[in-house]
Amino acid sequence: MKLLLFADLHLDTPFAWADAEVARARRFGLRDALRRIMALAHEHRVDAVVCAGDLYEHDRFSPDTAEFLRVTFAEAGRPVFLAPGNHDWLGPQSLYAQVNWTDNVHLFTADRLTAVSLADGLTLWGAAHRAPANTDGFLDGFGVDRDGVHLGLFHGSERSEIGWQEEGKAAHAPFSADHIPRTGLHHALVGHFHSPRDAAWHTYPGNPDPLTFGESGDRGAVLVEVAADGGVTRTRHRVSVSQVTDVDVDISGVRHADEARERVAAAVATLRGIVRVTLSGEVSPEVDVRLRDLRGVAPQLEALVPRLGRVQVAYDFDSLLVEQTVRGQFVRDVSAADLDEGTRRRVLVTGLRALDGRSDELEVH
Amino acid sequence: MRIDSVTAHAFGPLAGQSLSLAPGMTVISGANESAKSSWHAALFAAACGRRRGRGAGSREDRHFADLHRPWDGGEWRVSAMVALDDGRRIELDQDLGGRVNCRAVDLITGADVSNEIMYEGSPDASRWLGLDRRSFAATACINQAELLSILAVADGLQEQLQRAAATAGTDATAAAALDRIAAFAREHVGLDRPTSVRPLRCAVVERDRAMQALEDARRAHADYLDLVAHAQDLRARAVVETGTVRNAEGALKDLEALHGLARGAADAQAAADRAGERFAELSAGAAAATRVLAQVTELDARFGGRPPAGFSEAAQLGSDVAAALARWQAAEAPTSMTGQTSQQLRAQLAALPADPAGDLLVAESVRVTAVEWEGAVAVLAAHDDREPDRGLRSANAGAMDDESATALQAAIAAGPTSVRELAAALDTALHADDTTRRSWARVRADHEPARIEEANERAAAAEAQTVARRTAETVQAAEQTAMFAAAVTEANRRATTQPAATGRAGSRWRSTGGLGSPLLIAAGVLSTLGVVLVLLGLPVPGLVALAAVVATLAAGAVLRVFARRVPRPVEHFQHLDGQRAPAGHQPVIDAEFAPGQLEDDPSVALARRAADEARTTAAHAQSLAIQASSRVVFLADQEQAARAAAAQAEARLVAVQHECRERGLPCNSHALRMLAEQAEAAGDQEDQWAAWLHTRSVYEAAVQTAEHQLRTALVERGTRVAEPAEPVRDILDNYEQACRERSVQAQAAAGRGALQGAFADRLRAEQAYDTAERTRWSAGVELADIAHRVASCPGDCGADSWRAESDADLTGLGPTAVAAAATHVRALTGWRSQRDEQFATAQRDAEAWATLQHLCAGQTLVEMTTSVEQWTAAAAAAQSKATAAIEAAEMAHAERDLAADLAAGIAEVDVIAAADADIVGKWVQVARHDLADHRAVASTASAAAESLEGELRERARTLHSVPEAEEAFARANAELDRVEELSDTLKATSDFLTAAQDRVHRSIAPVLAATLQRWLPRVTAGRYLDAIVDPKTLQVQVCGPDRRWRQADLLSLGTAEQIYLLLRVALAQHLTLSGERCPLVLDDVTVQADADRTAGILDLLLELSADRQVILFAQEPAVAAWAAEHLVGGDHALRLLQPIGSE
């Protein structure tokens, strides 16, 4: 038995860091990823496609997305099992309720694990989030009631991974990995955490297409082959259509703003897709580096998202701190003030530039 | 720190040359082309090095390199030997080209101490001073151009000080930096006002627009989701309604089947019932025939085919016997009588009295009227007990004296309300009169001092005007004199070809200028005294003192002009009284004098300022006089108004008192209020007495009415009245006594009726007794007669025994007769019993025979037996049919019940009631109606679902994208955050910078002032003794012995130069870390100065070199000459540079 697992596609999610055009393109990229998943299922002749939740975002989905999903799954040519998550929770207003699914699509609708027989002796247990939050763990009080091999399919937070998974991820339908075998399940196919995880008793496939920067790991769809004894063999496949890259560019020693642009252009010259550039380094006070100046330095990219990292202006603060002048007093006062580091840096550089007689470069990022 | 030597290994035109420097003052002198500037640059480069960093250097760095790279190539390198104040000696070696081999080495320890002073990539000795190479250049290095720019520009000294305080002179002042920040904020942030088009307002507007768009998109999305859910509901409802229709159709079908079965079951049950009835009918017939046959058989056996014999006798005898017995038993023996006989009762009746005439009890009419009369009398008596006092007519009124009584009568006549109003008016008038009188007195008291003050102010104003006019005239005269002197000087200059000996002139200036100082001191003292007097409110003495100041200053100004310019001592100059200078006084003026210098003379300027102050004081005094006049007018108006108010109040008081007297009332508000209360109390008492009298008359009339009615009632009851005046009480008592007597008589006469009844009853009882006796005798006679008849009856009528008894004697009614009657009764009763038994037997036989005949009905016994057998066979056949019909009905019932059970699963079917086909028929009708309803509902639901589907498609087509709205909002928010962050940063920067500026200025100002206070008297030969520095602006003011403060940059150029140099020394020391002294490096600072100023500067530098190293680059020979003369000893040195060909 071969299953193709994916989760956390988050169709119709917003991309706040991007401009309107890039953001729209990114959302279409998510759809392309789903089409790739279906093509992968066809290529590997899997017996079923299973989705462990957060297929779309309930608060944002468009009718067009509903029709896209209906058509895509209808054309899958194989069973598709959907277990709604906290972002695509099942309710009367859900996309799931709106779509007239074809017979090959099976939607788990109960907030407890219910069984579907995939084959003789192989049972898939799935459940749905019925609310956006406060969903209890699906394994609590659960146990299989029949013989054979049992797989779980749901959207939840494995407790031991809450600490290192994405920051800010709230715990939904929590469960413990060691609880899985006690329920009689041989393996759990789960979604929610976007970082991929192939654990002994459960598998997080990760979000198949990048949702933000800094995502690492082998994310995508997971081909799960289930043996007769319940053992699983997992093979990960990248299905993303987008390239999202983080690049750090050191602009120390640049003599003017154009040199900073040149360094950025050189750093991203071989890249494609979307690149986030983080500038860092020590820059002479005379050099005015502005993020908006980096527009257009890499036309081959879909988007360049610049941001300032630890960019230090090369003032000799040690000397300034002992200077018995207004400038020295200003540096001492600001250094001793209760300010966050970003504000302190901006105030220092702004004040020193003003004292340097610079009139047009007083905005410090 | 000091620099001991500089070696230019390769620097511009210099190669392998060294320059040693003295620890005190070193003058490095050389004409043009002697590499003086190169040595100056090499000195700086050797001490401070050059910035070393990645990338190209700054424009200044490049310019420095262009100027000072070695002309003949080679390694661009300089070095210097430096001595620190902590005793260390350091060799600084600067690789200016590669900027790699730069180091600082301690010459004693040999240690590389470069890291102590590394700044921007190379060792910088100024770091030991707490400076860097930029701030060292700005602080310790002074050139002539800088000096000139400071002295040539207004507020140049102040700005230079601010720049030094802000950035050690390297960059802008803090104020300029704050202006830049403010300008940047205006341009790049702006205000959040509706009319603003600056970034902040634009960002706010865009953020609000994006937020609104996001809310709209979210609301539309939520509405869309609601619509989706609603559509789902409608679809589900349509499906449900369709299912309901199908269920209704099935239910109708089942009910129709049930209806058919119910009707079949009912028909089968009817057939079964009919068969059962037929069986019962035949079965009963068979049983009846069998019973008749059995009875006929028994009767036939009893009579044997013959009828019975029957019974015959004289029926009349039996009846007579029975009647005789009944009459005897009815005639009972009478009971004997007891009690009074009728004759005795008749006698008692005759002895009774007759009934009385008149009332036995008090008549109701009399009793009612008597009660009413007694009540009216009691009410009147009670009312009399409550008789009130009679007010003024009472005994209390007599206690008043005549005057009080008169006043009270007047108060009663006027009425309490009017009296109280008069009292209030009297109080008001008295209060108003008192208040207005007090106010008037107070205003009068204020008015007089104001008039005196006005007169004083007017006198002071006139005096101040006079003083101001005289002061102005004095100043004008002084100016004219000075101008005259200037004209003469100009003429002399043109006529003279030989320049004046400036040394002599200078000495004369100093000698005669000495006369100005006492005058200035006097002017200072007088001006201070004048200002103090004015401030203390003594304008006239103050103005006199200020006028004296003006005169003194004017005199001083003229004296000073002449002291500078006139080659002979100045004669007496009398301007104190404002008189013009003597016409013949025409001083000869120094050829260097120019007319414009009069404007620069501080004494003249001070005189002018004093004149201005006098004019200002006069104007102020005039203003005070006008204010005092205004106050006098104001107080006069107030006094007039107070006087009018007092008169009006007094008139009101007189009017009120007059009215009191006219009404006969006292003019005292307290007495008036007492009279008002008394009048009010007297009125109340009169009212109460009148009310009591009125009530009593009413009660009295009621008594009279009641008495009349009682008298009338008594007469009507027959009471005799002896005379009309007889009291009604006596008449009533007589009537009641008569009633009691008649009652006793009536009770005696009342026994007649009962006695008459007893008499009648006794009479009737005696008559009844006689009648009963006669009836019983007749019955006994009849009984004896019938007994004879029975005894004489033949045949079987009786036996011999009772026949003998019938012979008893029945004559008479005595005991014998009664015993005989009893015998007859026993005999006749026995006879009659025997006879009745015989008759009954005969009667039963006759009836049985009749029955037999009836049962046979003409049939024989055999025929009757055959008929019974036929009945029995028919009954058996009917029983079989009935059994079959019942079974068929039961089967139909079972089928119907089964159908009912099935129908009950679908429809509301009562299984028990389903046995009734009519009920089921009604159910069918209801089910057909329900089905029609369900079909209509299902159709409506389907239509609604389809309609909403259409709306949903339309809504989906126009739905806005929520993520795009979120992204737009995020971008707008980010932009607003950026602008707000910029605003916050600029605001914080401005605040910090302002605070730093204030703090540093506050710390620097005393340092600068202290330095000037230390050096100023010495370098100005006592002309200026004190100095102050404004901590806000760092503006410097100095004053001489006269204590008049002057702005430092408005002083003469020489003095200003010296002050500036002193301030630079002070700043250099202030900016230098404690423990080190900053050397001064000066480049051609005297090149534009005249000999006096040059000498002054050099003298000052020499003085300063006692405290710190001074290095002066100069090109003028005069400086070299001065150095040769003054720089003696080991602490000072003169270095003469030789020209080099290619510099």
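All values derive from a computational prediction rather than experimental measurement. (Residues numbered from 1 in each chain as written. Chains lettered and ligands numbered in written order. Predicted model: local features only at pLDDT ≥ 70, side-chain atom pairs only at ≥ 80, totals over all residues.)

1. A look at the overall build of chain B
Argument step 1. Helix and strand counts for chain B come out as 29 helices and 15 strands.
Argument step 2. Looking at chain B as a whole, 32% of its 1143 residues are labelled buried.
Argument step 3. Sequence separation of at least 24 residues holds for 77% of the intrachain contacts in chain B that already meet a minimum separation of 6. (Helix = DSSP H or I, 4+ residues; strand = E, 2+ residues; numbered from the N terminus. Buried ≥ 20, exposed ≤ 12 C-beta atoms within 10 Å, placed from the backbone. Contact = placed C-beta atoms within 7 Å.)

2. Re the overall build of chain A
Argument step 1. Check the secondary structure of chain A and you find eight helices and 15 strands.
Argument step 2. Relative to its full complement of 365 residues, chain A shows a buried share of 45%.
Argument step 3. Long-range pairs, those at least 24 residues apart, make up 69% of the contacts in chain A between residues at least 6 apart in sequence.

3. Considerations on the nonpolar core
Argument step 1. By size, the foremost hydrophobic cluster in this structure holds 134 residues, and its most contacted members are Val 27, Ala 42, Ala 47, Leu 1080 and Leu 1112 of chain B.
Argument step 2. The dominant element in this core, judged by the number of residues it contributes, is helix 26 (residues 962-1019) of chain B, at 21 residues.
Argument step 3. Residue contacts for Leu 1080 of chain B: discarding those within four places in its chain leaves Ala 140, Ile 142, Val 1065, Ala 1068, Leu 1104, Arg 1108, Val 1110 and Ile 1111 of chain B.
Argument step 4. One finds Leu 5, Leu 113, Val 190 and Val 226 of chain A within the second-largest nonpolar core, a separate group that totals 63 residues. (Core = buried A, V, L, I, M, F, W, Y, C linked by C-beta atoms within 7 Å.)

4. Observations regarding the interface of chain B and chain A
Argument step 1. Taken together, the contact between chain B and chain A spans 52 residues of the former and 47 residues of the latter.
Argument step 2. Counting only elements with at least two residues in the side of chain B that touches chain A, the list comes to helix 6 (156-167), helix 7 (174-188), helix 8 (199-303), helix 26 and helix 27 (1053-1071) of chain B.
Argument step 3. For the side of chain B that touches chain A, a count of residues per class yields 29 nonpolar, 13 polar and ten charged. (Nonpolar A, V, L, I, M, F, W, Y, C, P; charged D, E, K, R; others polar.)

5. Describing the sheet that holds strand 9 (residues 141-143) of chain B
Residues and elements named next belong to chain B.
Argument step 1. With respect to topology, five strands assemble into an open sheet ordered 9-13-14-3-15, the strand pairing being parallel. Of all strands in the sheet, those bounded by a partner on one side alone are strand 9 and strand 15 (1133-1136). Pairs of neighbouring strands in the sheet enclose a mean axial angle of 15 degrees, with direction left out of account.
Argument step 2. Strand direction decides the pairing type here: strand 13 (residues 1080-1083) and strand 14 (residues 1110-1114), joined by four bridges, are parallel. (Pairing = 2+ DSSP bridges. Axes fitted to C-alpha atoms, helices over the stretch in contact; angles between N-to-C directions.)

6. Structural notes on the sheet that holds strand 11 (residues 1036-1039) of chain B
All names here are of chain B.
Argument step 1. Taken together, the three strands give an open sheet; going across it, the order is 10-11-12, and neighbouring strands pair in antiparallel fashion. Strand pairing shows two members of the sheet lacking a second neighbour, strand 10 (1026-1029) and strand 12 (1045-1047), which therefore form its edges. Sheet twist, expressed as the mean angle between neighbouring strand axes with direction ignored, is 30 degrees.
Argument step 2. The pairing of strand 11 with strand 12 spans three bridges and is antiparallel. When the sheet's bridge partners are listed, Gln 1037 is paired in strand 12 with Gln 1047.

7. Here we look at the pairing of strand 13 of chain B
Residues and elements named next belong to chain B.
Argument step 1. The side-chain alternation of strand 13 yields two buried faces, one formed by Leu 1080 and Leu 1082 and the other by Val 1081 and Asp 1083.
Argument step 2. Here three bridges tie strand 9 to strand 13, and the two strands are oriented parallel to one another. Paired with Cys 141 across the two strands is Val 1081, which belongs to strand 13.
Argument step 3. You can see the chain leave strand 13, run along helix 28 (residues 1091-1104) and come back into strand 14, and the turn it takes is right-handed. (Right-handed = clockwise from strand over helix to strand, strands pointing away.)

8. A word on helix 2 (residues 63-74) of chain A
Residue and element names in this part refer to chain A.
Argument step 1. Between the first and last C-alpha of helix 2 there are 17 Å, a value that for twelve residues agrees with the 16 Å anticipated at 1.5 Å per step.
Argument step 2. Among the residues of helix 2, Thr 65, Ala 66, Leu 69 and Phe 73 are the ones counted as buried. Viewed end-on, helix 2 has its buried residues packed into an arc of 105 degrees, placing them on one side of the element.
Argument step 3. As for helix 2, its buried residues are in contact with strand 3 (80-82), helix 3 (95-98) and strand 4 (105-107). (Expected span 1.5 Å × (residues − 1). Arc of directions from axis to C-beta.)

9. Let's talk about the packing of helix 7 (residues 326-336) of chain A against helix 8 (residues 341-355) of chain A
Residues and elements named next belong to chain A.
Argument step 1. Following both chains from N to C, one finds helix 7 and helix 8 inclined at 170 degrees, their axes separated by 10 Å at the closest point. Relative to helix 8, the element helix 7 is oriented roughly antiparallel. Residues Arg 327, Phe 330, Val 331 and Val 334 of helix 7 lie in contact with helix 8, whose contacting residues are Arg 344, Val 347, Leu 348, Gly 351, Leu 352 and Leu 355.
Argument step 2. In the contact of helix 7 with helix 8, the residues fall into seven nonpolar, one polar and two charged. (Parallel < 35°, antiparallel > 145°, perpendicular 65-115°, else oblique.)

10. Description of the environment of Leu 1051 of chain B
Residues and elements named next belong to chain B.
Argument step 1. Within the secondary structure, Leu 1051 sits in the loop between strand 12 and helix 27.
Argument step 2. Look at Leu 1051 and you get buried, because 21 C-beta atoms sit within 10 Å.
Argument step 3. Separated by 13 residues in the primary sequence, Leu 1051 and Val 1038 place their C-alpha atoms 9.2 Å from one another.
Argument step 4. If we ignore the near neighbours within four places in the chain, the residues touching Leu 1051 are Arg 1046 and Ala 1056.

11. With respect to helix 5 (residues 257-267) of chain A
All names here are of chain A.
Argument step 1. Along helix 5, the residues classified as buried are Ala 260, Arg 263 and Val 264. Buried residues of helix 5 fall within an arc of 95 degrees about the axis and therefore sit on the same side. The exposed residues of helix 5 that point more than 90 degrees off its buried face are Asp 258 and Ala 266.
Argument step 2. On its buried side, helix 5 packs onto strand 13 (244-250) and strand 14 (274-283).

12. Focus on unusual backbone geometry
Argument step 1. Phi is positive for Ala 35 of chain B, which is not a glycine, with a value near 65 degrees.
Argument step 2. Notably, Leu 1034 of chain B is not glycine yet its phi reads approximately 60 degrees, a positive angle.

13. Overview of the pairing of strand 7 (residues 149-155) of chain A
Walk down a regular strand and you will see the side chains alternate between the two sheet faces.
Residue and element names in this part refer to chain A.
Argument step 1. Burial within strand 7 is extensive, with seven of its seven residues counted as buried.
Argument step 2. Where strand 7 meets strand 8 (residues 187-191), five bridges bridge the pair, whose relative direction is parallel. Bridge assignment links Phe 154 to a residue of strand 8, and that residue is Val 190.

14. A closer look at the confidence of the model for chain B
Residue and element names in this part refer to chain B.
Argument step 1. In the predicted model, chain B carries a mean pLDDT of 80, and 82% of its residues have values of at least 70.
Argument step 2. Under a pLDDT of 50 for its full length, residues 495-516 has, in the predicted model, 23 contacts with residues more than four places off or in other chains.
Argument step 3. Residue range residues 561-599 is modelled with pLDDT below 50. Its contacts to residues more than four positions away, or to other chains, number 81 contacts.
Argument step 4. The ipTM value of the predicted complex is 0.84, and its pTM value is 0.51. (pLDDT = per-residue confidence, 0-100.)

15. Observations regarding the environment of Leu 148 of chain B
Argument step 1. For Leu 148 of chain B, the location among the structural elements is in helix 5 (residues 144-152).
Argument step 2. With 937 residues separating them along the chain, Leu 148 of chain B and Val 1085 of chain B place their C-alpha atoms 8.8 Å apart.

16. Digging into the packing of helix 27 of chain B against helix 28 of chain B
Residues and elements named next belong to chain B.
Argument step 1. In contact at an axis separation of 9 Å, helix 27 and helix 28 are set at 20 degrees when each is read in the N-to-C sense. As far as their axial angle goes, helix 28 and helix 27 are roughly parallel. The chirality of how helix 27 crosses helix 28 is right-handed. Contacts between helix 27 and helix 28 involve Leu 1053, Gly 1054, Glu 1057, Gln 1058, Leu 1061 and Val 1065 from the first element and Asp 1092, Arg 1093, Gly 1096, Ile 1097, Leu 1100 and Leu 1104 from the second. (Left-handed = near helix turned anticlockwise from the far one by under 90°.)

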